[in-house]
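Here is what each chain is made of, one letter per residue.
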Amino acid sequence: MGLLQNVIFGLVTGSYIAVAAIGFTLVYGIVNMINFAYGEYLTVGAFVGLLTAGTLPVPLPVAVLVAMVGGGVASLVLARLFFTPINHTGPVPMLLTSIGLGIALRNLIRLVAGRNARYFDTETATFRLTGVPDVSVGPFDLLGDFFVTSEHLVVVGCAVGVFLALHGLLTRTDVGIAMRAMGDDEDLARVRGVDTQRIRDSVWVLAGVLAGLAGVLVAIQTNVSAGTGYSHILQILAAAILGGAGSPYGAIAGSYIIGLVLSLSTAFLPGGMAELSSAMAFLILVVVLLVKPSGLAAREVREA
Amino acid sequence: MSVADRLPLGDAAGNGALLLGAVCVLLAAVFALTPLVVSLPGSLYVFFEVAILFAVYGVLVLGLDLQYGHTGLVNFGHVAFFAVGAYAVAMLSARDSFAGVSLGLPWPVALAGGVVVAALLGAAVGATSVRLRDDFLAVATLATAEIVHSLFVSFEGVFGGNVGIGSVPQPVSDLAGDADTAMLATLLLFGGVTLFTLAAVTRLTEAPYGRVLRAIRADELVTRSVGKSVLTYKMQSFVYGAALAGLAGGLFALYTGAVAPGYFTIQVTVTVWIGMLLGGAANHRGVLAGLAVIMGLRLLSRFALGVMPLSADAFASVRLVVVGLILVAVIRYRPAGLWGDAEELGVDT
Amino acid sequence: MSLLAVENLGKEFGGLRALDDLSVSVDRGELVGVMGPNGAGKSTFFNCVSGVVTPDEGRVLLDDADVTGDSPEALARAGMVRTFQHTRELETMTVRDNVRLAAPGQPGERTLPALLRTGSMRDREREVRERADELVEAFELDHLADEYSGSLSGGQRKLLELARVLMLDPDLLLLDEPFAGVNPTLTREIAERIRALNDDGMTVVVIEHELETLTELVDRLVVLQQGSLLVEGDPETVLSDERVIEAYLGE
């Protein structure tokens, strides 16, 4: 398989990570917490989507919408129950609470849904392009034949749609502008009359909606089980930190870097070391924290 | 209060633990080295198993409490140092393991090696990470633990992959002869080690040394501005915690006779963290008690499993739901834990 | 001979020049006041001198040794100790421990003596506790000695901070707004204590917003404006200087 094919895989992976990472990083920037339970929101969204598609005679896009609504509602309810009451206690108690909540949610889902992996029963169309020259450099082919599936296109298309909608939201709507103001300086935003609790709630809903969508995209692209969210949380986290925690645009860039690293390392690592490809994402995370903790965007995370 | 209040520096608590630890180790030696043999009722096995694991995790939680409880370092990758200690000891001491490296060195050498390797990993992680803000230190250490875990799984030729390293010597079993006596001797020996650890960390934290650590937790800049080398103390605290975790890992490997990635999941980190927070960070005996509560729950759940109309799998999920909610509830309703000092920890109750 | 000399100090924050070619020197035994309108660079001056931030340009000399960019802990051990504008207590420690912490030369702050409970650690700790109790008493905090310092009032915090830095017996004491948010009675008391320390030979530099107390207290005034030295001299001359009047009225 050529490099080009792996780049395509990387872009697909980067796309669903990006959708999730935007939500994660907005919560970080505005609620000021690292939400370790966020991976479980993806799982919840995916299962809501699967349940809808499996039991109701609705087309897939409707199931996706239901999953997004489900993710948004779940996120808001969980925030109101678990995070808003301890908002004043600082980042570490919030982080620890989210770890506890994540464990509880993950196992609750496992209890209800069982251990099996599920996927959407969709028809796949595969578009192949053959006869592309390999352009080899050493053992690696830079181009080579490649294919794109309809799932790939759906995932990437949804992600691009999300980016455009997000940009519109953050630049054109009052809520979005208030979100950015709060991310920059919460006290100043409050002085200027921003209802900070309402904005926090909006961010929770938005993050949940995005997580729901990301979960469904993972389910469309591969499959989901109770552990899906947890297995993605460190990648999401790595993407968000790489992009500069709190910066949604940075998170998009970070996600595609992570996606490409994941797919390229899977392709080029020797067999039996697949596990290492996820370690690569964590390695990037650690290296970013050490070398440039502020990520691609500037935000200081070291002690003064 | 007089000038000499609390001089002699909490010696009573430290010395008590030291003495009790010595008694435990002596008793362990008696059972292991003499022909004395005990036979335990089969129904008690499960208690002994959990108690031995408690002693091992006790060393872990005391190291973590030095790092977080006293110095404020949010290490959420504690299992990595535990695992590295265990693997190092296993690889150094194993003879002809089925998979991975086995060097067949004498176990005391291996145990020392395990502590050193864990301390070195602690120094490497510490040197790069202790400058990070609390929540990002948590993320960096957690990611480190995941990297370590995947290295163990991936490099089969070295670490034995999912099978891990086997044929690790079990010195206590070898000396004691029969299984029951070995179990009792192991519990006494490990309990002794935990008590020695308790004595050591108590001495450290009751001394002026601990005052500096707690000052760092409260405000690094002030601590620096009165002339204390904050970074050095943070490094030391982190490395000592890592070395203790390595010791715990080494003991674990020499007890089970095998190590595999499955023993070293994030669940270990979560268990010791919950134990520490439940007991009350910065209170050494408190964190041990908190750990006892959490592990007691595990024991209880083993018995409950027998009477519940649930599969073992479903039951494990239920238990973890409860564990997760305990963590959430402790932070919300008892942020200083059961035996912690809310004012000392700077939390509202 | 100057104990502290600052030469051509410059510091920029995100394009904003907080210090611009500032040169000031303080002689041994002096009591110097630093004043200036908000944003004149007073705190940045202290931060650069005490090692909290590293200056972009210039040198800081302590007793003729170049200490530019040295860490706060190294400078504290070298005899220069500072307080903070917004008092920083170790809120999760008792008043007593706040003061004891600052004691220098305690072998028990190293691992081995702490583990082994050496005699030198015990002896030093006995001295430390005695001295700390003296200071706590001298600052009339003895009734609060075992309280966590998080429960102190603003004025008590200022006193505690002073007691804590005195534990180090500094040659040079930098006080950042020691009267801010303190009631008049306590202000007078703190001023008297600073005066007494100076009379005993300690060199003191005080940043203050509160003009009246400062001018009564110090031997010499240094006025900063926009990161540079505006005027310096004895308080009377400085206060009647037109540039100073303008700077303050302009605020």
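All values reported here derive from a predicted model rather than from experimental measurement. (Residues numbered from 1 in each chain as written. Chains lettered and ligands numbered in written order. Predicted model: local features only at pLDDT ≥ 70, side-chain atom pairs only at ≥ 80, totals over all residues. Heavy atoms only, no water.)

**Thoughts on the pairing of strand E7 (residues 172-176) of chain C**
Residue and element names in this part refer to chain C.
Alright, step 1. Burial of E7 is extensive: five of the five residues sit out of reach of the surface.
Alright, step 2. Along E7, one buried face is formed by Leu172, Leu174 and Asp176 and the opposite face, lined by Leu173 and Leu175, is buried too.
Alright, step 3. By the bridge criterion, three bridges tie strand E6 (residues 80-82) to E7 in an arrangement that is parallel. Paired with valine 81 across the bridge in E7 is leucine 173. (Buried < 20%, exposed > 50% of the residue type's maximum accessible area, 1.4 Å probe, protein only. Helix = DSSP H or I, 4+ residues; strand = E, 2+ residues; numbered from the N terminus. Pairing = 2+ DSSP bridges.)

**A closer look at the nonpolar core**
Alright, step 1. If you look at the biggest cluster of nonpolar residues, it comprises 199 residues, and the most contacted ones within it are Tyr38 of chain A together with Tyr57 and Phe82 of chain B.
Alright, step 2. Mapped onto the domain boundaries, this core takes at least three residues apiece from domain 1 (11-264) and domain 2 (266-349) of chain B.
Alright, step 3. Counting 67 residues, the second-largest nonpolar core is a separate cluster that includes Leu141, Ala163, Ile190 and Val204 of chain C. (Core = buried A, V, L, I, M, F, W, Y, C linked by side-chain atoms within 4.5 Å. Domains from an automatic or database assignment.)

**A word on the packing of aromatic side chains**
Alright, step 1. Summed over all chains, the structure comprises 23 aromatic pairs over all chains.
Alright, step 2. Measuring from ring centre to ring centre gives 5.6 Å for tyrosine 38 of chain A and tyrosine 41 of chain A, while their planes differ by 55 degrees; the resulting arrangement is tilted. Of the two residues, tyrosine 38 of chain A and tyrosine 41 of chain A both sit in helix H2 (residues 38-55), three residues apart, roughly one turn of that helix.
Alright, step 3. A relative accessible area of 1% places tyrosine 38 of chain A in the buried class.
Alright, step 4. For the pair phenylalanine 81 of chain B and phenylalanine 238 of chain B, a centre-to-centre distance of 5.7 Å together with 90 degrees between the ring planes defines the contact as edge-to-face. Remark: phenylalanine 238 of chain B occurs in helix H11 (residues 230-256) and phenylalanine 81 of chain B occurs in helix H3 (residues 78-93); sequence separation between them is 157 residues.
Alright, step 5. Following the ring pairs from residue to residue traces out a cluster consisting of Tyr57, Phe82, Tyr87, Phe152, Phe159, Phe252, Tyr263 and Phe264 of chain B.
Alright, step 6. Note that arginine 106 of chain A overlies the ring of tyrosine 230 of chain A, its terminal NZ or CZ placed 4.2 Å from the centroid. (Phe/Tyr/Trp six-rings, centres within 6.5 Å; stacked < 30°, edge-to-face > 60°. Lys NZ or Arg CZ within 6 Å of the ring centre and 35° of its normal.)

**Here's the deal with the domain arrangement of chain C**
Alright, step 1. Segmentation of chain C into domains returns domain 1 (2-89 + 169-250) and domain 2 (91-151).
Alright, step 2. One C-alpha centre belongs to domain 1 of chain C, the other to domain 2 of chain C, and the line joining them spans 28 Å.

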